[in-house]
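Architecture and fold: a report
What follows is each chain in one-letter form.
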Amino acid sequence: MRYRKLARTGVEVSTQCLGAMMFGAFGNTDHDECVRIIGRALDAGINFIDTADVYSQGESEQIVGRAIKGRRDDIVLATKCFTQMGEERNHRGGSRRWITRAVEDSLRRLDTDYIDLYQVHRHDWDVDLEETLGALTDLVHQGKVRYLGSSSFPADWIVEAQWAARRRNSERFVCEQPQYSIFARSIEDGVLPATLRHDVGVIPWSPLAGGWLTGKYRRDAEIPSGARYGSEGMFARRRGGAGLDEDPSTPARYDAVEGLATIAEQAGISLTHLALAFVDSHPAVTSTIIGPKTMVQLDDVLAGADITLDTTTLDAIDKVVPPGTDIAGVEHHSGDPSLRPASRRRTG
């Protein structure tokens, strides 16, 4: 396992970050197995764990808290707030009211006195960014949080957050957590250059594009039971039960997987390892989030932790999905209100 500094913090984190989204009702419901998976990751040299309050509505944080008991001081622990928790309308967002409540809930579930990296899961377009930074800065001063981060922020808001912190003498975001994979490369055009200019660390999520870049979804092949894009998977549920055959982006994805599988074979590695090494190859990236649901999946991604790609392989990938572009069907979930019809059409 390799390690890198998290921006200018001086904190060293493993180049693989254990994402805990699949621990709990959302994925693996066996708490004992989840604890064993976390223990295996830590024993392999991972010292960075990322979760969120919304993952299985707090269950993931509880599992992580149980798993790290006795090892807390050796771990860089990250969690997030923003997304709706429960039914109460104000139990969400970037307001001071919710952030001060959400952090207490996360501390309790994680059974810890402090959070190393506390991230805003999405930008709240309805709340002044300076209010959010002010509330988060207070948490740092209170010792409940060590560092601050953002997730899925567009490039302009990454920059605005840095300037807002300077204007108000607030703590700044030290890292950004964007979606990044061979299938989702549009952040190379704005987000990643912005993080490099402002010395903001990057910890990408979904490097395997929801399982597509493991090769489990192939043309004329049966979809594995329990897969996200299967008929009972979470993506099908979001689309009202529509399967891959009904998704217009599917043919392009099949074509890309076939091309990438050939490149991986020529490089002598698996498609999964190709995809992870591709994300790690960008100079802006600090640590790549891996999100295993089973021990087998964890062992597979750990085996590729030290793989690097040569220029020939990276150039071949560029021909399948060009730099700065997304493959059909990728959603970045920014929620930008300027894209709503009422905001982009003149009235009167």
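A few points on the structure.

Rules of the game
Residues numbered from 1 in each chain as written. Predicted model: local features only at pLDDT ≥ 70, side-chain atom pairs only at ≥ 80, totals over all residues. Heavy atoms only, no water. Buried < 20%, exposed > 50% of the residue type's maximum accessible area, 1.4 Å probe, protein only. Helix = DSSP H or I, 4+ residues; strand = E, 2+ residues; numbered from the N terminus. Right-handed = clockwise from strand over helix to strand, strands pointing away. Pairing = 2+ DSSP bridges. Phe/Tyr/Trp six-rings, centres within 6.5 Å; stacked < 30°, edge-to-face > 60°. Salt bridge = Lys/Arg side-chain N within 4 Å of Asp/Glu carboxyl O. Axes fitted to C-alpha atoms, helices over the stretch in contact; angles between N-to-C directions. Parallel < 35°, antiparallel > 145°, perpendicular 65-115°, else oblique. Left-handed = near helix turned anticlockwise from the far one by under 90°. Contact = heavy atoms within 4.5 Å. Nonpolar A, V, L, I, M, F, W, Y, C, P; charged D, E, K, R; others polar.

1. Describing the pairing of strand β6 (residues 115-120)
- The buried fraction of β6 amounts to 6 of the 6 residues, a majority that puts the element mostly inside the structure.
- Of the crossover connections in this fold, the one passing from strand β5 (residues 76-81) over helix α3 (residues 96-110) to the parallel β6 is right-handed.
- Across 5 bridges, the pairing between β6 and strand β7 (residues 145-151) is parallel. Its bridge partner being in β7, Ile 115 is matched across the sheet by Val 145.
- Chirality of the crossover, the property in question, places the unit of β6, helix α4 (residues 129-141) and β7 among those that are right-handed.

2. Thoughts on the packing of aromatic side chains
- As enumerated under the stated definition, the model contains 6 aromatic pairs in all.
- Taking 5.6 Å as the distance between ring centres and 85° as the angle between the ring planes, the aromatic pair formed by Trp 125 and Trp 157 counts as edge-to-face. Taken as a pair, Trp 125 in the loop between β6 and α4 and Trp 157 in helix α5 (residues 155-168) lie far apart in primary sequence, 32 residues in all.
- Linked through ring pairs, Phe 183, Trp 212, Tyr 217 and Tyr 254 together constitute an aromatic cluster.

3. Things to note about the pattern of salt bridges
- Under the counting rule described, the total for this entry stands at 23 salt bridges.
- Across the salt bridge formed by Glu 12 and Lys 5, the nearest N and O atoms sit 3.1 Å from each other.
- Judged by its relative accessible area of 43%, Glu 12 falls in the partly exposed class.
- The partly exposed category is assigned to Lys 5, whose relative accessible area is 45%.
- For Lys 80, the salt bridge identified is with Asp 50, shortest N-O distance 2.7 Å.

4. Considerations on the packing of helix α1 (residues 31-43) against helix α10 (residues 295-302)
- Where α1 contacts α10, the axes come no closer than 10 Å and their chain directions differ by 15°. The angle between α1 and α10 falls in the class roughly parallel. Between α1 and α10 the crossing geometry is right-handed. Each of Glu 33, Arg 36, Ile 37, Arg 40 and Ala 41 in α1 lies in contact with α10, whose residues at this interface are Met 295, Leu 298, Asp 299 and Leu 302.

5. Quick look at the packing of α1 against helix α2 (residues 59-67)
- Packing of α1 against α2 leaves a shortest axis separation of 9 Å and a crossing angle of 55°. The orientation of α1 with respect to α2, classified from their angle, is oblique. Crossing angle aside, the handedness with which α1 passes α2 is right-handed. Counting all contacts with α1, which are made through His 31, Asp 32, Cys 34, Val 35 and Ile 38, the residues of α2 involved are Glu 59, Ile 63, Val 64, Arg 66 and Ala 67.
- When the residues that make up the contact of α1 with α2 are grouped by side-chain class, the tally is 6 nonpolar, 1 polar and 3 charged.

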